[in-house]
Every structure is written in C-alpha cells, then in structure tokens.
Amino acid sequence: MRLGFELSLQQSQKLILTPELRQAIKILQYTNFELSQFIEEELEKNPLLEIESREDNAEKDIDLDELKSGIDWKEYLGKYDDISYSSYKEDDSNDWILENYITYKTTLKEHLLFQLNLTLFDEMDKKIGEFIIESLDENGYLRITTSEIANRLKVDEDQVENVLKIIQTFDPVGVGAKDLKECLKIQLEDRGIKDPYVFKVLENYLEEIACNKLTKISKELGISIKKVQNICDLIKTLEPKPGRGFINSSDDVKFIKPDVTLEIIDGEYIIQVNDVTAPRLTVNNYYRRLLNQAIEEDIVKFIKCKLDSALWLIKSIEQRRMTIYRVAEAIVRYQRGFFEKGKKALKPLSLKVIADELEIHESTVSRAINGKYIQTPKGIFELKFFFSRGVLANQEEISSTSVKSMIKELIESEDPKKPLSDQKITDILRKKNIKISRRTVAKYRDELNIPSSNLRKRY
C-alpha cells in the first residue's frame, strides 16, 4: 500500500443557508405574536424601517425583486420620489387609553380578609384569622394544622378552631377545609342536607363514586341503587376546589388573532391574510433624503447596509404572507366539504399533498401552518386542524376527525342505562364499512375526554 499526500479537485453540491435565508425561514415559522415582537425589535435596530400607513398602501408598490439586483440606491430613491412615507401614529381617541384595557381581579385572600374585617372585631381573633387566610393555598385548602398555628401565635388551639369554623362559613363555601371530604361536608351542611346516608357515602365511598361502583355502595349500605345514584349526583354538584374561581389565570389566557380570514360570499370562497398580524413595512423618508445628499462615505455605507437589511426583511414578510395565503387557499379548496357539511366531511390530508400541489417542500408547509389560525364562518381553527390521518371506509379514506365526530354522536345518543362499549362502537362503525379496531376507538374516545362505558352508566 502506498501512502502519500496529494492535492485534488472535487466537485460537490452543498446547501448553504445564508443569514438572510435563515431569517426568511424563521419569519415563516413565527406566529403572529412572535412576528410582531420580531418586527418591533427590527424597528428599534434599523432606523430606516417604519410601519406603512394605510395611505401608503394606496400608493405605488415597490418591486423588491427589481431593487435587489443591480441596485443604485440613489437612483432608486430618486425614482420613487413620488411615494409618500409616513410614520406610524397612535390613535388619539380615548378608546386606546391603556387604562381602558387594564382589569384587576380580587384574589381569594383579599376576598376573605374583607369578610374577616366585617365579622371579627377582637384583635387576637383577627390576627388568628389573618394567619389562617394567609396559610390557604390557591384552591382554598388549609395546609397547616391548627396546633401549628396555635404554637406560632402562642394561643389556645380551641381559639384557633373557633376562628377557623367562622372562616369556613365565608364565601366561597368550603374554603378553609383541611381535605376534600371536609370541604364537601361543609358545602352539604351549608345547603341544609340532613340525610345521614349522604354523609356516609361522602365519608366512606369517594373512590367508589369516582369509579361509578354504585352497586357496591347500594349493597353495603342497604339502600336502593336509585338512591345511591341521586346521592352521587348531589355530591358531584359540589365544588372540590372552592378557591379556583379566584385564581388569576390572565397570564395563561391566549387571545387568538387569526392569520387568515375566510368568507363565503354568494357561494364564492374569499381568503384574506390579515395585515394586523404582519404590518407592512416601508423605508423612512428622512434617510431616503439623507442618502441623496453629499455626505461622508461611512454614512452612505451604513445607510446602504441598513437599507439592504430593510428591503430583505420587507421581502421576507411579504413572502411569508403569500406562502400562508397559498397554503390556506389549498387547504380550503381541498376541505371544502367541511365548510359545507361539517366535521363528518373532513378529508384525510397530509403535508405532502399540499406540498406537491404548491410545488414546495413539506417543511415549508409545516412552517406555514405552525401556530397559524384561520377564521371561518364555522369558527376559528388552527390550520393544523385540517390535517389528519385517514381511516379506510367504502374503499376510500375518511379523516380521523370525522370518525371522532361519529363516535361522539353515537355516545351522545346512547341509552345512559346501557352505554355503548368500545367494542359495540367498533361493530357499529364496521357496519358502516369503516374499518377500525377497538383499541383505536378507545384511543379516539380518550382524546375526546369521554369516559369508558362503566363510568358513563346510569342506574
């Protein structure tokens, strides 16, 4: 074997992602919220960028492809002198005052402290009550023993128990309980329930209620199953987490701004990409004039660099807009039956089908539908909703969403005393020539958050 060093040329193809191309890919994948944040950051970094006003939209459009090739910036800026540029201005009307959009929600502890100050007047009792209220968790349960409270405040435990009993009469009913059973018991007493069997069931058979084992409860207590059913129905009306109505979940609330709007006018489907989610950008008029003036070479270089970046960003956002539009249009065209007949008419659809139709890559379709929503006459849907796997039926495929809709309808129309088992649902669907296994039915039922037949049974 001969070893040695030598130089040779080899031709190969490689895909190199430029920073601009990476940016375009990211912009396509952004949700409207992420895009608005990104645009805000770019507006801060690039002085040449500004949001185009509505008046500008009516003016002459700029051909970005023409500008990117062989650009003479001074000539370009002189060529479009007739275009008016205006800065983005906030509406001066009172409707846009920030205070109009700020809400404050009373917390559970504030609600209880307010009632405490109206109920107790003894200073020590107030102090004990405040300590108890501050020791409650977000659901209203007391996670510390009365003996611990007594030791910390150097008072008798009986005094703490008395104050706690008063707090347990506050709204919401059930607050201050040490566990679930005590919480539900407080609510039953507040409703004036006197039936001893109700309290026996509550005390000893909570797990059986959860598993719908009513026959066992009936036999052990020696009462009719009908009465057990009524007791269980009563217990299920109680609130297991009395404090959850005061939990401030505003941080978890997500307001959806649809990226695409679909309107059906005289049988024609009109699709429009919402400009609110991706405002149109333009070049600032001040820097356009500045570049035309005789200034230092470094300044000209800086402005040209920022202008190049601005134009690429504008083009990327416009390309994102067009890609989302084309994908949404293809989806609506393919799933037209859904908008006419509902979920049952939803067809199985894959990314590859849309990608092949639009002659783009599947990853591009995936990015275009990621976190994007469409507003339709039937409601607001994530674009991913229209993509689902197929189940064989009558020698053709129907979507899994359609099958779930059928399962839900079957369960809603079942006899509650004889609920349909997963196998029975499977048999019914097979009679309709829908080939599906029992395990798949169970899976779809779980995804619909529908309990099993044993838990749905009524007596």
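Thresholds, definitions, all that
- Residues numbered from 1 in each chain as written.
- Predicted model: local features only at pLDDT ≥ 70, side-chain atom pairs only at ≥ 80, totals over all residues.
- Heavy atoms only, no water.
- Helix = DSSP H or I, 4+ residues; strand = E, 2+ residues; numbered from the N terminus.
- Buried < 20%, exposed > 50% of the residue type's maximum accessible area, 1.4 Å probe, protein only.
- Contact = heavy atoms within 4.5 Å.
- Areas by Shrake-Rupley, 256 points an atom, 1.4 Å probe, with all protein chains shown as cover.
- Pairing = 2+ DSSP bridges.
- Axes fitted to C-alpha atoms, helices over the stretch in contact; angles between N-to-C directions.
- Phe/Tyr/Trp six-rings, centres within 6.5 Å; stacked < 30°, edge-to-face > 60°.
- Lys NZ or Arg CZ within 6 Å of the ring centre and 35° of its normal.
- Parallel < 35°, antiparallel > 145°, perpendicular 65-115°, else oblique.
- Left-handed = near helix turned anticlockwise from the far one by under 90°.
- Nonpolar A, V, L, I, M, F, W, Y, C, P; charged D, E, K, R; others polar.
- Salt bridge = Lys/Arg side-chain N within 4 Å of Asp/Glu carboxyl O.

Draft legend 1. Broad picture of the overall build of the protein chain. Helix and strand content of the protein chain: 23 helices and eight strands. Among the 459 residues that make up the protein chain, the fraction classed as buried is 38%. Put simply, 63% of the contacts in the protein chain that link residues at least 6 apart link residues at least 24 apart. Accessible surface for the protein chain amounts to roughly 29000 Å². Of this, 49% is attributable to carbon and sulfur atoms.

Draft legend 2. Examining the sheet that holds strand 6 (residues 379-382) more closely. One open sheet accounts for four strands, arranged 3-2-5-6; its pairing is mixed. Sheet topology places strand 3 (268-273) and strand 6 at the edges, where each strand pairs with a single neighbour. Strand after strand, the sheet turns through a mean of 25° between neighbouring axes, direction not considered. Where strand 2 (residues 260-265) meets strand 3, six bridges bridge the pair, whose relative direction is antiparallel. Note that in strand 3 the partner of Ile 264 across the bridge is Tyr 269. Those strands touched by helix 16 (residues 297-334) are strand 2, strand 3 and strand 5 (373-376), and its axis lies near 155° from that of strand 3.

Draft legend 3. Representation of the packing of aromatic side chains within the structure. Within this structure, the stated rule accounts for 10 aromatic pairs. Ring geometry for Tyr 30 against Phe 38: centres 5.5 Å apart, planes inclined by 50°, an arrangement best described as tilted. Judged by its relative accessible area of 12%, Phe 38 falls in the buried class. Three or more aromatic residues joined by ring pairs make a cluster, and in this case those are Tyr 269, Phe 338, Phe 339, Phe 381, Phe 385 and Phe 386. Over the ring of Tyr 334 we find Lys 347; its NZ or CZ atom is 5.4 Å from the centre of that ring.

Draft legend 4. Spotlight on the environment of Val 155. Within the secondary structure, Val 155 sits in the loop between helix 8 (146-153) and helix 9 (157-167). What makes Val 155 buried here is its relative accessible area of 16%. Taking the C-alpha atoms as reference, Val 155 lies 8.9 Å from Ile 128; in sequence the two are 27 residues apart. In contact with Val 155, not counting residues within four places along its chain, are Met 124, Ile 128, Ala 150 and Val 160.

Draft legend 5. Focus on the packing of helix 21 (residues 422-431) against helix 22 (residues 438-447). With their axes 9 Å apart at the nearest point, helix 21 and helix 22 run at an angle of 110° to one another. Between helix 21 and helix 22, the angle falls in the class roughly perpendicular. For the pair helix 21 and helix 22, the contacting residues are Asp 422, Gln 423, Ile 425, Thr 426 and Leu 429 in the first and Arg 438, Val 441, Ala 442 and Arg 445 in the second.

Draft legend 6. The packing of helix 7 (residues 123-134) against helix 9, seen in detail. Axis separation between helix 7 and helix 9 bottoms out at 9 Å; the angle between their running directions is 65°. Relative to helix 9, the element helix 7 is oriented roughly perpendicular. In this structure, the crossing between helix 7 and helix 9 has a hand that is right-handed. Counted together, Met 124, Asp 125, Ile 128, Gly 129, Ile 132 and Ile 133 of helix 7 and Gln 159, Val 160, Val 163, Leu 164 and Ile 167 of helix 9 form the full contact between these two elements. The class makeup of the residues in the contact of helix 7 with helix 9 is eight nonpolar, two polar and one charged.

Draft legend 7. How the structure looks around the side chain of Ser 453. With respect to the element layout, Ser 453 can be found in helix 23 (residues 453-456). Overall, the relative accessible area of 18% leaves Ser 453 in the buried class. Setting aside its immediate chain neighbours within four residues, Ser 453 contacts Pro 419, Leu 420 and Ser 421.

Draft legend 8. Broad picture of the pattern of salt bridges. Applying the stated criterion to the full structure yields 17 salt bridges. Residue Lys 352 is joined to Asp 356 by a salt bridge in which the shortest nitrogen-to-oxygen separation is 2.8 Å. Here Asp 356 and Lys 352 lie together in helix 18 (residues 351-358), a separation of four residues that amounts to about one turn. Where salt bridges share partners, they join Asp 422, Arg 445 and Asp 446 into one cluster.

Purely geometric stuff here, so don't read any function into it on its own.
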